[in-house]
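The residues making up each chain are set out below.
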Amino acid sequence: FMPGGTYLVSTTLVVRCSLEARNAVLVTAQNGVCVRLGDSDATADNYLRHLTVTLPREIRKTTVNHAVDSVAVELGRVAFSTIKLGYTLNFTTAIRASVAGLTDGYFAWNDVFLGNHQTHKVGLEIIPGTNGWVNENRWYGGEFGSYVTEQSAGYIGIHIDGGDDATLWPDKNRFIGTSVE
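Residues numbered from 1 in each chain as written. Predicted model: local features only at pLDDT ≥ 70, side-chain atom pairs only at ≥ 80, totals over all residues. Heavy atoms only, no water.

Chemist: Please explain the environment of N23 as it appears in this structure.
Modeler: Its location among the elements puts N23 in the loop between β3 (19-20) and β4 (24-28). Considered as a pair, N23 and G86 are 63 residues apart in the sequence and their alpha carbons are 10.0 Å apart. Residue contacts for N23: discarding those within four places in its chain leaves G4, G5 and R57. (Helix = DSSP H or I, 4+ residues; strand = E, 2+ residues; numbered from the N terminus. Contact = heavy atoms within 4.5 Å.)

Chemist: Help me out: how do you make sense of the sheet that holds strand β13 (residues 93-98) in this one?
Modeler: Pairing in this open sheet of six strands is parallel, and the strands run β2-β5-β9-β13-β17-β21 from one edge to the other. Two strands bound the open sheet, and with one partner strand each, they are β2 (13-15) and β21 (156-160). If you compare each strand with its neighbour and ignore which way they point, the axes differ by 15° on average. Here five bridges tie β13 to strand β17 (residues 122-127), and the two strands are oriented parallel to one another. Paired with T93 across the strands is V122, a residue of β17. (Pairing = 2+ DSSP bridges. Axes fitted to C-alpha atoms, helices over the stretch in contact; angles between N-to-C directions.)

Chemist: Help me out: how do you make sense of the sheet that holds strand β14 (residues 105-108) in this one?
Modeler: Think of a sheet as strands paired side by side through backbone hydrogen bonds, with each pair either parallel or antiparallel. With parallel pairing, four strands are arranged side by side in an open sheet as β6-β10-β14-β18. Edge positions in the sheet fall to β6 (48-49) and β18 (132-135), since each of these pairs with one other strand and no more.

Structure, rendered in structure tokens:
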């Protein structure tokens, strides 16, 4: 449980268990990943399963600089879980579902409630990585938009990429009521 309030985040907040944070607000000036759901340890065989995670109602970066990689929420080695996202603002990528950089892994069989994501270069990025996969997730609702002229050029609402290995392309991901402007 994370009580309501505004929290300044100076490093990646790693979530490895069920979480209720709907009344919290996270603010960061840092580049990189703000919130990571799942273990990023490339040597561990850790998969989070059967979680209920409600992330903070707002995750925002204080400045916009899309020349440097920044991610509001990274979804990693998680399966059979329910994830609820709120509002994100000013990151290069709002949500990245990926096990890239890990020896192997998956993000699969989850119900993800997307929320509202504005002023990003990429709204949702699905990239399984070299030995992983991002499959059979249900993505509910969500709104992705870029209202600032600088970000609008080249804006990508949803980016799905299997990389060089065609056998690992993400498949059977379903989008229900998702809006991209």
